[in-house]
Amino acid sequence: MANLTEFLIEKGVHCLYPLGTTGEMLKLTVEERKAIAETVVKTAKNRVTVYIHVGDIHFENILELAQHAHNIGADGIGVVTPIYFSVNNRETEEFYVKISKSLPEDFPIYLYSIPQCAANELNIEIVKKIVAQCKNIIGIKYSYPDFTLTSKYLEVNNGDFDVVFGPDHLFLPALALGCEGTVSGISGVYPEPFVALYDAFKNGELEKAKKIQRVATKYCDALKNGSNMSYFKKALQLRGIDAGVMKAPHLDIEDKDFTQLKKELEQIDNEFLTLN
(Lines give C-alpha, C1' and ligand atoms only; values in the text may rest on other atoms or scores of the structure.)
Protein backbone atom coordinates (compact mmCIF):
# COMPACT_ATOMS: atom_id res chain seq x y z
CA MET A 1 0.00 0.00 0.00
CA ALA A 2 2.89 2.36 0.71
CA ASN A 3 4.34 1.61 -2.73
CA LEU A 4 0.99 2.25 -4.41
CA THR A 5 0.60 5.52 -2.51
CA GLU A 6 4.04 6.69 -3.65
CA PHE A 7 3.30 5.61 -7.22
CA LEU A 8 0.08 7.65 -7.36
CA ILE A 9 1.66 10.75 -5.84
CA GLU A 10 4.60 10.54 -8.25
CA LYS A 11 2.17 10.32 -11.16
CA GLY A 12 0.55 13.59 -10.13
CA VAL A 13 -2.77 12.75 -8.48
CA HIS A 14 -4.16 15.55 -6.34
CA CYS A 15 -5.98 13.52 -3.70
CA LEU A 16 -6.12 9.96 -2.37
CA TYR A 17 -9.37 8.22 -1.41
CA PRO A 18 -8.52 4.77 -0.05
CA LEU A 19 -10.98 2.09 1.05
CA GLY A 20 -13.80 2.87 -1.33
CA THR A 21 -15.38 0.38 -3.71
CA THR A 22 -12.11 -0.25 -5.55
CA GLY A 23 -10.47 -0.71 -2.16
CA GLU A 24 -12.75 -3.67 -1.40
CA MET A 25 -13.87 -1.95 1.79
CA LEU A 26 -16.62 -4.33 2.85
CA LYS A 27 -14.33 -7.34 2.52
CA LEU A 28 -11.87 -5.98 5.07
CA THR A 29 -11.95 -6.07 8.85
CA VAL A 30 -11.98 -2.86 10.85
CA GLU A 31 -8.36 -3.46 11.85
CA GLU A 32 -7.30 -4.02 8.24
CA ARG A 33 -9.03 -0.80 7.23
CA LYS A 34 -7.31 1.12 10.02
CA ALA A 35 -3.91 -0.25 8.96
CA ILE A 36 -4.50 0.83 5.36
CA ALA A 37 -5.67 4.30 6.39
CA GLU A 38 -2.64 4.77 8.62
CA THR A 39 -0.28 3.61 5.87
CA VAL A 40 -1.70 5.98 3.28
CA VAL A 41 -1.72 9.01 5.61
CA LYS A 42 1.80 8.27 6.85
CA THR A 43 3.19 7.71 3.36
CA ALA A 44 1.49 10.75 1.84
CA LYS A 45 3.12 13.03 4.44
CA ASN A 46 0.75 15.92 3.61
CA ARG A 47 1.93 16.01 -0.02
CA VAL A 48 -1.62 15.40 -1.23
CA THR A 49 -5.05 15.51 0.36
CA VAL A 50 -6.18 12.20 1.87
CA TYR A 51 -9.83 11.36 2.45
CA ILE A 52 -10.57 8.00 4.04
CA HIS A 53 -13.74 6.20 3.06
CA VAL A 54 -15.34 4.85 6.24
CA GLY A 55 -18.68 3.47 5.06
CA ASP A 56 -19.70 0.08 6.42
CA ILE A 57 -22.80 -2.02 6.92
CA HIS A 58 -22.36 -1.69 10.71
CA PHE A 59 -23.09 1.84 11.92
CA GLU A 60 -20.83 1.39 14.97
CA ASN A 61 -17.92 0.59 12.66
CA ILE A 62 -18.54 3.77 10.68
CA LEU A 63 -18.31 5.91 13.81
CA GLU A 64 -15.15 4.09 14.89
CA LEU A 65 -13.48 4.39 11.51
CA ALA A 66 -14.49 8.04 11.17
CA GLN A 67 -12.95 8.91 14.54
CA HIS A 68 -9.85 6.93 13.62
CA ALA A 69 -9.45 8.85 10.36
CA HIS A 70 -9.64 12.12 12.27
CA ASN A 71 -7.18 10.93 14.92
CA ILE A 72 -4.49 9.84 12.41
CA GLY A 73 -4.51 13.17 10.59
CA ALA A 74 -6.57 12.43 7.49
CA ASP A 75 -7.95 15.51 5.75
CA GLY A 76 -11.51 14.22 5.79
CA ILE A 77 -13.73 11.24 5.15
CA GLY A 78 -16.27 9.89 2.71
CA VAL A 79 -19.31 7.87 3.78
CA VAL A 80 -21.40 5.75 1.46
CA THR A 81 -25.14 5.55 2.02
CA PRO A 82 -26.55 2.68 4.09
CA ILE A 83 -26.01 -0.56 2.19
CA TYR A 84 -28.24 -3.44 1.06
CA PHE A 85 -31.29 -2.71 3.21
CA SER A 86 -33.54 0.04 1.88
CA VAL A 87 -33.78 3.21 3.96
CA ASN A 88 -36.25 6.08 3.81
CA ASN A 89 -35.46 9.79 3.88
CA ARG A 90 -35.82 10.10 7.66
CA GLU A 91 -33.42 7.21 8.24
CA THR A 92 -30.91 8.57 5.72
CA GLU A 93 -31.01 12.01 7.34
CA GLU A 94 -30.49 10.55 10.83
CA PHE A 95 -27.63 8.38 9.52
CA TYR A 96 -25.58 11.29 8.16
CA VAL A 97 -26.44 13.78 10.89
CA LYS A 98 -25.24 11.38 13.59
CA ILE A 99 -21.96 10.80 11.74
CA SER A 100 -21.51 14.54 11.25
CA LYS A 101 -22.18 15.36 14.90
CA SER A 102 -19.68 12.72 16.06
CA LEU A 103 -16.85 14.74 14.49
CA PRO A 104 -15.58 18.33 14.74
CA GLU A 105 -17.42 20.89 12.61
CA ASP A 106 -14.24 21.65 10.67
CA PHE A 107 -13.51 18.02 9.70
CA PRO A 108 -14.80 17.63 6.12
CA ILE A 109 -17.18 14.87 5.10
CA TYR A 110 -18.24 13.81 1.61
CA LEU A 111 -21.49 11.98 1.05
CA TYR A 112 -21.12 9.00 -1.27
CA SER A 113 -23.89 7.68 -3.50
CA ILE A 114 -23.45 4.51 -5.56
CA PRO A 115 -27.04 3.24 -5.85
CA GLN A 116 -26.22 0.39 -8.23
CA CYS A 117 -24.20 -1.25 -5.45
CA ALA A 118 -25.64 0.16 -2.23
CA ALA A 119 -29.35 -0.16 -3.12
CA ASN A 120 -29.96 3.35 -1.78
CA GLU A 121 -29.69 6.72 -3.53
CA LEU A 122 -29.38 10.25 -2.21
CA ASN A 123 -32.20 12.33 -3.67
CA ILE A 124 -31.74 16.05 -3.92
CA GLU A 125 -34.27 16.90 -1.20
CA ILE A 126 -32.56 14.81 1.46
CA VAL A 127 -29.11 16.07 0.49
CA LYS A 128 -30.29 19.65 1.00
CA LYS A 129 -31.76 18.78 4.40
CA ILE A 130 -28.57 17.05 5.54
CA VAL A 131 -26.24 19.81 4.36
CA ALA A 132 -28.40 22.48 6.03
CA GLN A 133 -27.76 20.78 9.40
CA CYS A 134 -24.13 19.72 8.97
CA LYS A 135 -21.44 22.33 8.32
CA ASN A 136 -18.78 19.66 7.84
CA ILE A 137 -20.60 17.91 4.98
CA ILE A 138 -19.08 19.79 2.06
CA GLY A 139 -19.67 17.63 -0.99
CA ILE A 140 -20.64 14.35 -2.56
CA LYS A 141 -19.02 11.58 -4.52
CA TYR A 142 -21.59 10.44 -7.05
CA SER A 143 -20.90 7.17 -8.84
CA TYR A 144 -23.86 6.82 -11.17
CA PRO A 145 -24.03 8.27 -14.72
CA ASP A 146 -27.04 10.54 -14.17
CA PHE A 147 -26.09 14.05 -15.26
CA THR A 148 -29.53 15.44 -14.43
CA LEU A 149 -29.13 14.56 -10.75
CA THR A 150 -25.48 15.60 -10.87
CA SER A 151 -26.49 19.08 -12.03
CA LYS A 152 -28.93 19.31 -9.12
CA TYR A 153 -26.21 18.33 -6.64
CA LEU A 154 -24.10 21.18 -8.02
CA GLU A 155 -26.78 23.68 -6.90
CA VAL A 156 -26.84 22.52 -3.26
CA ASN A 157 -25.95 25.21 -0.71
CA ASN A 158 -26.21 27.89 -3.40
CA GLY A 159 -23.51 26.16 -5.42
CA ASP A 160 -21.03 25.96 -2.55
CA PHE A 161 -20.98 22.17 -2.63
CA ASP A 162 -18.31 19.98 -4.19
CA VAL A 163 -19.39 17.23 -6.57
CA VAL A 164 -16.83 14.63 -7.58
CA PHE A 165 -17.91 12.16 -10.22
CA GLY A 166 -17.34 8.42 -10.14
CA PRO A 167 -17.83 7.05 -13.70
CA ASP A 168 -14.32 7.35 -15.13
CA HIS A 169 -15.42 7.20 -18.76
CA LEU A 170 -17.43 10.41 -18.29
CA PHE A 171 -14.75 12.48 -16.57
CA LEU A 172 -14.54 15.21 -19.22
CA PRO A 173 -18.30 15.88 -19.50
CA ALA A 174 -18.47 15.85 -15.69
CA LEU A 175 -15.82 18.57 -15.56
CA ALA A 176 -17.67 20.54 -18.22
CA LEU A 177 -20.83 20.31 -16.12
CA GLY A 178 -18.98 21.84 -13.17
CA CYS A 179 -17.79 18.87 -11.09
CA GLU A 180 -14.61 19.39 -9.09
CA GLY A 181 -13.00 16.20 -10.33
CA THR A 182 -13.32 12.44 -10.21
CA VAL A 183 -12.81 9.71 -7.66
CA SER A 184 -11.51 7.24 -10.18
CA GLY A 185 -10.92 3.54 -9.69
CA ILE A 186 -9.18 3.22 -13.04
CA SER A 187 -6.68 5.93 -12.16
CA GLY A 188 -5.60 3.83 -9.21
CA VAL A 189 -3.85 1.84 -11.94
CA TYR A 190 -3.43 4.41 -14.73
CA PRO A 191 -3.46 7.88 -13.18
CA GLU A 192 -1.56 9.51 -16.06
CA PRO A 193 -4.42 9.99 -18.56
CA PHE A 194 -6.76 11.34 -15.88
CA VAL A 195 -4.19 13.82 -14.58
CA ALA A 196 -3.43 14.88 -18.17
CA LEU A 197 -7.13 15.23 -18.99
CA TYR A 198 -7.75 17.36 -15.91
CA ASP A 199 -4.77 19.59 -16.71
CA ALA A 200 -5.83 20.00 -20.34
CA PHE A 201 -9.36 20.95 -19.33
CA LYS A 202 -8.16 23.48 -16.75
CA ASN A 203 -5.81 24.97 -19.36
CA GLY A 204 -8.68 25.37 -21.83
CA GLU A 205 -7.26 22.75 -24.20
CA LEU A 206 -10.59 21.13 -24.96
CA GLU A 207 -9.58 19.26 -28.11
CA LYS A 208 -6.62 17.72 -26.31
CA ALA A 209 -8.85 16.81 -23.37
CA LYS A 210 -11.30 15.07 -25.72
CA LYS A 211 -8.52 12.98 -27.24
CA ILE A 212 -7.22 12.00 -23.81
CA GLN A 213 -10.73 11.06 -22.65
CA ARG A 214 -11.04 8.63 -25.57
CA VAL A 215 -7.83 6.91 -24.52
CA ALA A 216 -8.82 6.98 -20.84
CA THR A 217 -12.07 5.27 -21.78
CA LYS A 218 -10.11 2.51 -23.51
CA TYR A 219 -8.24 1.91 -20.25
CA CYS A 220 -11.62 1.77 -18.50
CA ASP A 221 -12.90 -0.85 -20.93
CA ALA A 222 -9.73 -2.95 -20.76
CA LEU A 223 -9.95 -2.96 -16.95
CA LYS A 224 -13.66 -3.89 -17.10
CA ASN A 225 -14.70 -0.57 -15.57
CA GLY A 226 -14.10 -1.85 -12.06
CA SER A 227 -16.48 -4.80 -12.30
CA ASN A 228 -13.63 -7.20 -11.45
CA MET A 229 -10.88 -5.82 -9.22
CA SER A 230 -8.51 -8.61 -10.24
CA TYR A 231 -7.98 -6.73 -13.50
CA PHE A 232 -6.78 -3.75 -11.46
CA LYS A 233 -4.42 -5.87 -9.37
CA LYS A 234 -2.97 -7.67 -12.39
CA ALA A 235 -2.50 -4.42 -14.30
CA LEU A 236 -0.69 -2.91 -11.30
CA GLN A 237 1.54 -5.98 -11.31
CA LEU A 238 2.44 -5.16 -14.91
CA ARG A 239 3.33 -1.65 -13.72
CA GLY A 240 5.64 -2.93 -11.00
CA ILE A 241 3.27 -2.65 -8.03
CA ASP A 242 2.43 -5.76 -6.01
CA ALA A 243 -1.27 -5.30 -5.29
CA GLY A 244 -1.80 -8.77 -3.86
CA VAL A 245 -4.59 -11.16 -4.65
CA MET A 246 -8.37 -11.09 -4.50
CA LYS A 247 -10.11 -11.72 -1.20
CA ALA A 248 -12.60 -14.59 -1.17
CA PRO A 249 -15.07 -15.25 -2.60
CA HIS A 250 -13.56 -13.49 -5.60
CA LEU A 251 -10.72 -15.07 -7.55
CA ASP A 252 -7.82 -13.75 -9.60
CA ILE A 253 -8.39 -13.79 -13.35
CA GLU A 254 -7.10 -16.78 -15.29
CA ASP A 255 -3.79 -16.78 -17.17
CA LYS A 256 -5.48 -16.51 -20.58
CA ASP A 257 -7.34 -13.38 -19.45
CA PHE A 258 -4.13 -11.93 -18.01
CA THR A 259 -2.36 -12.48 -21.35
CA GLN A 260 -5.18 -10.74 -23.21
CA LEU A 261 -5.18 -7.86 -20.70
CA LYS A 262 -1.45 -7.35 -21.12
CA LYS A 263 -1.85 -7.19 -24.90
CA GLU A 264 -4.69 -4.67 -24.71
CA LEU A 265 -2.88 -2.43 -22.25
CA GLU A 266 0.28 -2.37 -24.36
CA GLN A 267 -1.76 -1.13 -27.33
CA ILE A 268 -3.45 1.58 -25.27
CA ASP A 269 -0.13 2.61 -23.70
CA ASN A 270 1.28 3.20 -27.18
CA GLU A 271 -1.75 5.25 -28.17
CA PHE A 272 -1.48 7.39 -25.05
CA LEU A 273 2.22 8.03 -25.72
CA THR A 274 1.34 9.56 -29.09
CA LEU A 275 -0.70 12.24 -27.30
CA ASN A 276 2.28 13.52 -25.31
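Heads up: the structure comes first, above all this text.
Predicted, not measured: the structure shown is a model, and the values here were computed from it. (Residues numbered from 1 in each chain as written. Predicted model: local features only at pLDDT ≥ 70, side-chain atom pairs only at ≥ 80, totals over all residues. Heavy atoms only, no water.)

## Remarks on the overall build of the chain
Within the chain, the secondary structure is distributed over twelve helices and seven strands. For the chain, the share of sequence-separated contacts (at least 6 apart) that also reach a separation of at least 24 residues comes to 69%. For the chain, the exposed surface amounts to about 13,500 Å²; the carbon and sulfur share of it is 50%. Between the averaged position of the 29 positive side-chain charges in the chain and that of its 37 negative side-chain charges there is a distance of 2 Å. (Helix = DSSP H or I, 4+ residues; strand = E, 2+ residues; numbered from the N terminus. Contact = heavy atoms within 4.5 Å. Areas by Shrake-Rupley, 256 points an atom, 1.4 Å probe, with all protein chains shown as cover. Lys, Arg positive; Asp, Glu negative; His and termini not counted. Charge placed at Lys NZ, Arg CZ, Asp CG, Glu CD.)

## What about the packing of aromatic side chains?
Counted according to the given criterion, the structure contains ten aromatic pairs. Both rings, one in Phe59 and one in Phe95, keep their centres 5.6 Å apart while their planes meet at 55 degrees; by these two values the pair is tilted. Highlighted residues: Phe59 in helix H3 (residues 59-71) and Phe95 in helix H4 (residues 89-101), separated in sequence by 36 residues. The interplanar angle of 90 degrees and the centroid separation of 5.0 Å between the aromatic rings of Tyr84 and Phe85 together place this pair among those described as edge-to-face. Assigned by exposure class, Tyr84 and Phe85 land together as exposed. Through successive ring pairs, a cluster of aromatic residues spans Tyr142, Phe147, Tyr153 and Phe165. A cation over an aromatic ring shows up here: Lys234 above the ring of Phe258, its NZ or CZ 5.3 Å from the ring centre. (Phe/Tyr/Trp six-rings, centres within 6.5 Å; stacked < 30°, edge-to-face > 60°. Buried < 20%, exposed > 50% of the residue type's maximum accessible area, 1.4 Å probe, protein only. Lys NZ or Arg CZ within 6 Å of the ring centre and 35° of its normal.)

## Quick notes on the sheet that holds strand S6 (residues 162-165)
Read from one edge to the other, the open sheet built from seven strands follows the order S1-S2-S3-S4-S5-S6-S7, with strand pairing classed as parallel. Only two strands of the sheet have a single neighbouring strand rather than two, namely strand S1 (15-16) and strand S7 (181-182). (Pairing = 2+ DSSP bridges.)

## As for the pattern of salt bridges
Applying the stated criterion across every chain, the model contains 15 salt bridges. Notably, a salt bridge pairs Glu32 with Lys247, separated by 3.4 Å at the nearest N-O pair. Residue Glu32 is found in helix H2 (residues 30-44), and its partner Lys247 is found in the loop between helix H11 (229-238) and helix H12 (255-273); the two are separated by 215 residues along the sequence. Classification of Glu32 by relative accessible area gives partly exposed; the value is 29%. Here Asp257 ties to Lys256 by a salt bridge, and the two come within 3.5 Å at their closest N and O atoms. Residue class for Lys256 comes out exposed when judged on its relative accessible area of 56%. One continuous salt-bridge network, built from bridges that share partners, spans Lys11, Glu192 and Arg239. (Salt bridge = Lys/Arg side-chain N within 4 Å of Asp/Glu carboxyl O.)

## Let's talk about the packing of H3 against H4
Running from amino to carboxyl end, H3 crosses H4 at an angle of 30 degrees, the nearest separation of the two axes being 10 Å. As judged from the angle between their axes, H3 and H4 are roughly parallel. Considering how the two elements wind past one another, H3 and H4 form a crossing that is right-handed. Judged by residue contacts, Phe59, Ile62 and Leu63 of H3 engage Phe95, Lys98 and Ile99 from H4. Residue composition of the contact of H3 with H4, grouped by class: five nonpolar, no polar and one charged. (Axes fitted to C-alpha atoms, helices over the stretch in contact; angles between N-to-C directions. Parallel < 35°, antiparallel > 145°, perpendicular 65-115°, else oblique. Left-handed = near helix turned anticlockwise from the far one by under 90°. Nonpolar A, V, L, I, M, F, W, Y, C, P; charged D, E, K, R; others polar.)

## Description of the environment of Tyr231
Considering the arrangement of structural elements, one finds Tyr231 in helix H11. What makes Tyr231 buried here is its relative accessible area of 11%. Through-space distance from the C-alpha of Tyr231 to that of Leu261 is 7.8 Å; in sequence the pair is 30 residues apart. Excluding anything up to four places from it in sequence, Tyr231 contacts Ala222, Leu223, Lys224, Ile253, Asp257 and Leu261.

## Topic: the packing of H2 against H3
Closest axis-to-axis distance for the H2/H3 pair is 11 Å, and the angle between their directions is 20 degrees. As judged from the angle between their axes, H2 and H3 are roughly parallel. Viewed along their axes, H2 and H3 form a crossing whose handedness is right-handed. For the pair H2 and H3, contact is made by Val30, Glu31, Arg33, Lys34, Ala37 and Glu38 and by Asn61, Glu64, Leu65 and His68, respectively. Residue composition of the contact of H2 with H3, by class: three nonpolar, two polar and five charged.

## Focus on the state of the cysteines
Evaluated as defined, the whole model comprises zero disulfides. Cysteine Cys117 shares no disulfide, and the gap to the nearest cysteine sulfur, in Cys220, comes to 16 Å. You can call Cys117 exposed: its relative accessible area is 52%. Given a relative accessible area of 0%, Cys220 falls into the buried group. (Disulfide = S-S within 2.5 Å.)

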